[in-house]
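Working through the structure, step by step
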Amino acid sequence: MPSHPEFAGSFAEGLRTAALPPGAVFCDGDADLRFAVYRNNVSHSLSEALGQRFPVIRRLVGDPFFAALGRVYSETHRPRTPVLLDWGDSFPDFLAGFAPLAGYPYMRDVARLEWARGRAYHAADAAPLDPAAVAGADPSRLVLTLHPSVQVLQFGAAALTIWRQNQPGADAAQRIPSGDQFALVLRDRSLAVQVHEISQGDLILVEHLATGATLHAAAELAQWADPGHAPQTVLVLLMQAGGFIHPPES
Amino acid sequence: MTHLPSGVGVGFKSAHFEAIRASARQMDFFEIHAENYMGAGGVPHAQLTALREDHAISLHGVGLSIGGPGPLDRDHLERLRALCLRYQPESFSEHLAWSSHGTEYLNDLLPLPYTPETLALVCDHIDEVQEALGRRMLLENPSTYLMFEQSSIEETAFLREIVRRTGCGLLLDVNNVFVSAANQQRDPRAYLADFPVEAVGEIHLGGHDEDHLPGGALLIDTHGSPVAEPVWTLFAEVIARIGACPVLVEWDNDVPEWPVLQAEAARARSVLNAAGHRHALAS
């Protein structure tokens, strides 16, 4: 008789190979079909979880293709914990290396955007900064703390436009721009996740704020990389949405 | 073992939040899947905090792998402990099943043979959970699709012995009883007659799918449809036998509009009320 570790090991292996676990019995010999219920449950439930996290990828490739894609990904990248909201971080890179999707280079970036949205949705809560707390502050000394949901992303293909076109009720006839796109993702005061197109300078500004640079230093670096960049637009956007928080007590 | 009110609850779905808030208080409790609330913040915690203000909460884990061969995942146990501390749920329950192997999480409630070895393992795991959480837990009977020739203990006897050794309570899932019995071509009433009902702290009801194989019917526990008529009948028989207790209607896939779930809950409540009426007449 197999020990329980041997049994579970064979069972887990059989979920991939269809080999029956030791001792599996069923009347009339259809144990294979009954074991397939477990195989299907594992594959289907993980694929569904992935599809909820990456709904635009699912829409772009279609349900049948996504089911197959989800099965391959879930068999090669099993979740490491039962907390499925943490599962899928490697999916964008997996898509980039998935041969059948080689003709669709924007897939990885669309998936990165969807992953960032999920992270923003579940990010820690933090009370927004009261603008009065920094009114009149000296920018060369002012360090702004970003809300944990704030992320910026750069896309080599028009991933942001493609993502927008695949939102419910969106106009699919938009022109697909060439060149890089930049996005800001954050969760606003009403807990809704927002996605904004920003400029390269905005992205650099936010990246440097995230590392603890002063507002003045971050704005200078943004202007150096993106000449003519004015920081006001993205700063107002962040302030209004609750993208800045009070600094952690130290 | 549980502080859930005797009455009817439903599995909470985020999509129903506004409808629940807009309607008069009708549920005696809500059950949540613990793993869905293990993010840091945002909508899930905001909704649960609001729900918790005026409802009892049943915390139902699906990922602890109590029936697995390995040691329990300490990090996961700590996450459960943190949820218990934060929300003070009236009940915590998990499954007689396993779902992790090594470092892989398989996201299904997988079956185990019932042997002296697995009995000892499961009891050790339950002891560890109850110690970590500082409370008694409820253990749920599974839906099964296979049997194992190395099993030497009946499931009901296995559960009874777990209760005796660990002091935990049981979550009797009547749909699971019906599904497993049909799949094993056995009598669900014989199973229920031997079930240690004195340890039951909660009852689950849910829907299943039906398929047909060469060897007979295959029922699959999908929680994606109304509770089946034979399950309602078994449920009424159980309630007539043990009296009112906390009853939960589960609907996790193809989640319907709120009124549909309300109607299922109302039907469960009518069964409890009828039994209460009979008990009152008898006493």
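Residues numbered from 1 in each chain as written. Chains lettered and ligands numbered in written order. Predicted model: local features only at pLDDT ≥ 70, side-chain atom pairs only at ≥ 80, totals over all residues. Heavy atoms only, no water.

Next up on the list: the overall build of chain B. Along the backbone of chain B there are nine helices and 13 strands. Radius of gyration (C-alpha) of chain B: 18 Å, near the 19 Å computed for a compact globule of 283 residues. The proportion of buried residues among the 283 residues of chain B is 61%. Split by element, the accessible area of chain B, about 10,700 Å² in all, is 52% carbon and sulfur. (Helix = DSSP H or I, 4+ residues; strand = E, 2+ residues; numbered from the N terminus. Rg over C-alpha atoms; globule rule 2.2 N^0.38 Å. Buried < 20%, exposed > 50% of the residue type's maximum accessible area, 1.4 Å probe, protein only. Areas by Shrake-Rupley, 256 points an atom, 1.4 Å probe, with all protein chains shown as cover.)

What follows concerns the domain arrangement of chain A. Residue and element names in this part refer to chain A. The domain boundaries assigned to chain A delineate domain 1 (1-104) and domain 2 (106-250). Measuring from the centre of the C-alpha atoms in domain 1 to the corresponding centre in domain 2 gives 35 Å. Taken together, the contact pairs 19 residues of domain 1 with 16 residues of domain 2. Taking both partners together, domain 1 and domain 2 bury about 1,600 Å²; carbon and sulfur atoms supply 69% of that area. Ranking the residues of domain 1 by area buried against domain 2 places Arg53, Val56 and Tyr104 at the top, with a combined share of 35%. If you look at where domain 1 meets domain 2, you find one salt bridge. Between aspartate 93 and arginine 108 there is a salt bridge, with the nearest N and O atoms lying 2.7 Å from each other. The interface formed by domain 1 and domain 2 includes seven residue pairs in polar contact (both at pLDDT 80 or more). Where the side of domain 1 that touches domain 2 is concerned, the elements lending two or more residues are helix H3 (55-61) and helix H5 (91-96). In terms of residue count, H3 provides more of the side of domain 1 that touches domain 2 than any other element does, six residues in total. Classifying every residue of the side of domain 1 that touches domain 2 by side-chain character gives 13 nonpolar, one polar and five charged. (Domains from an automatic or database assignment. Contact = heavy atoms within 4.5 Å. Buried area = accessible area lost by both parts, 1.4 Å probe. Salt bridge = Lys/Arg side-chain N within 4 Å of Asp/Glu carboxyl O. Polar contact = N/O pair within 3.5 Å; in protein donor to acceptor, adjacent residues only side chain to side chain. Nonpolar A, V, L, I, M, F, W, Y, C, P; charged D, E, K, R; others polar.)

Moving on, we come to the layout of surface pockets. Residue and element names in this part refer to chain B. For the second largest pocket, the calculated volume is near 440 Å³. Considering the residues around the second largest pocket, the lining is formed by 25 residues, among which Tyr114, Glu154, Glu155, Gln184 and Arg186 are closest to the centre. For the lining of the second largest pocket, the secondary-structure elements that each account for two or more residues are strand E8 (147-148), helix H5 (155-166), helix H6 (174-183) and helix H7 (188-194). Considering each element in turn, the lining of the second largest pocket owes the most residues, four residues, to H6. Per-class residue counts for the lining of the second largest pocket are twelve nonpolar, eight polar and five charged. (1 Å grid on protein atoms, 1.4 Å probe; cavity = no way out; pocket = protein on both sides within 12 Å on 5 of 7 lines; lining within 4 Å. Points joined across faces, edges and corners; volume = space filled by probe spheres on them.)

Before going further, it helps to examine the pairing of strand E9 (residues 169-173) of chain B. Residues and elements named next belong to chain B. Counting buried positions along E9 gives five out of five residues, so the element sits mostly inside the fold. What you see with E9 is no split at all: Gly169, Leu171 and Asp173 on one side and Leu170 and Leu172 on the other are buried throughout. Here strand E7 (residues 138-140) runs beside E9; their pairing, made up of three bridges, is parallel. The residue of E9 that forms the bridge with leucine 138 is glycine 169. (Pairing = 2+ DSSP bridges.)

Glancing now at the sheet that holds strand E1 (residues 7-11) of chain B. All names here are of chain B. Reading around the barrel, the eight strands line up as E1-E2-E3-E4-E7-E9-E10-E13 and close back on themselves, with parallel pairing between neighbours. Neighbour-to-neighbour, the strand axes of the sheet open up by a mean angle of 30°, direction not taken into account. Where helix H8 (residues 229-242) meets the sheet, it contacts E9, strand E10 (200-206) and strand E13 (246-250), and its direction lies at approximately 165° from that of E10. (Axes fitted to C-alpha atoms, helices over the stretch in contact; angles between N-to-C directions.)

The geometry of an aromatic ring pair is captured by two quantities: the separation of the ring centres and the angle between the planes. Inspection of every chain in the model, using the stated rule, returns 22 aromatic pairs over all chains. When the ring of tyrosine 38 of chain A is compared with that of tyrosine 145 of chain B, the centres are 5.1 Å apart and the planes differ by 65°; the resulting orientation is edge-to-face. In this pair, tyrosine 38 of chain A is assigned in helix H2 (residues 31-53) and tyrosine 145 of chain B in the loop between E7 and E8, connecting two distinct chains. The exposure classification of tyrosine 38 of chain A matches that of tyrosine 145 of chain B, with both residues buried. Ring geometry for tyrosine 191 of chain B and phenylalanine 195 of chain B: centres 5.8 Å apart, planes at 40°, overall tilted. The same class applies to tyrosine 191 of chain B and to phenylalanine 195 of chain B, which are both buried. Here a set of aromatic residues connected by ring pairs shows up, and it is made of Phe54, Phe65, Phe66, Tyr73, Trp87, Phe91, Phe94, Phe98 and Trp115 of chain A. Its end group placed over the ring of tryptophan 115 of chain A, arginine 53 of chain A keeps NZ or CZ at 4.2 Å from the ring centre. (Phe/Tyr/Trp six-rings, centres within 6.5 Å; stacked < 30°, edge-to-face > 60°. Lys NZ or Arg CZ within 6 Å of the ring centre and 35° of its normal.)

Together, Asp209, Glu210, Asp211 and Asp254 of chain B make up a negatively charged patch on the protein surface. Secondary-structure assignment places aspartate 211 of chain B in strand E11 (residues 209-213). (Patch = residues over 30% accessible without salt bridge, like charges linked within 9 Å, V, L, I, M, F, W, Y side chains within 5 Å. Lys, Arg positive; Asp, Glu negative; His and termini not counted. Charge placed at Lys NZ, Arg CZ, Asp CG, Glu CD.)

Here we take up the side chain of asparagine 176 of chain B. With respect to the element layout, asparagine 176 of chain B can be found in helix H6. Within the structure, asparagine 176 of chain B has its side chain in polar contact with the side chain of glutamate 140 of chain B (distance 3.1 Å).

Accessible area lost on assembly of the parts is the figure often given for the size of an interface. Taken residue by residue, the interface counts 46 residues in chain A and 52 residues in chain B. When chain A packs against chain B, close to 4,100 Å² is buried across both sides, 65% of that on carbon and sulfur atoms. Taken together, the links from chain A to chain B amount to two salt bridges. Between glutamate 104 of chain B and arginine 78 of chain A there is a salt bridge; the shortest N-O distance is 3.7 Å.

Glancing now at the pattern of salt bridges. Oppositely charged side chains can form a pair if their charged atoms are brought close together. A complete count under the given rule lists 20 salt bridges over all chains for this structure. Between aspartate 30 of chain A and arginine 34 of chain A there is a salt bridge; the shortest N-O distance is 3.1 Å. Aspartate 30 of chain A sits in the buried class, given a relative accessible area of 4%. As a salt-bridge pair, arginine 267 of chain B and glutamate 229 of chain B come within 2.8 Å of each other at their nearest N and O atoms. In this pair, arginine 267 of chain B sits in helix H9 (residues 258-282) while glutamate 229 of chain B sits in helix H8, placing the two residues 38 residues apart along the sequence. Since its relative accessible area comes to 32%, arginine 267 of chain B is described here as partly exposed. Classification of glutamate 229 of chain B by relative accessible area gives partly exposed; the value is 46%. Ionic contacts of the salt-bridge type, sharing partners, join the residues Asp93, Arg108, Asp109 and Arg112 of chain A into one network.

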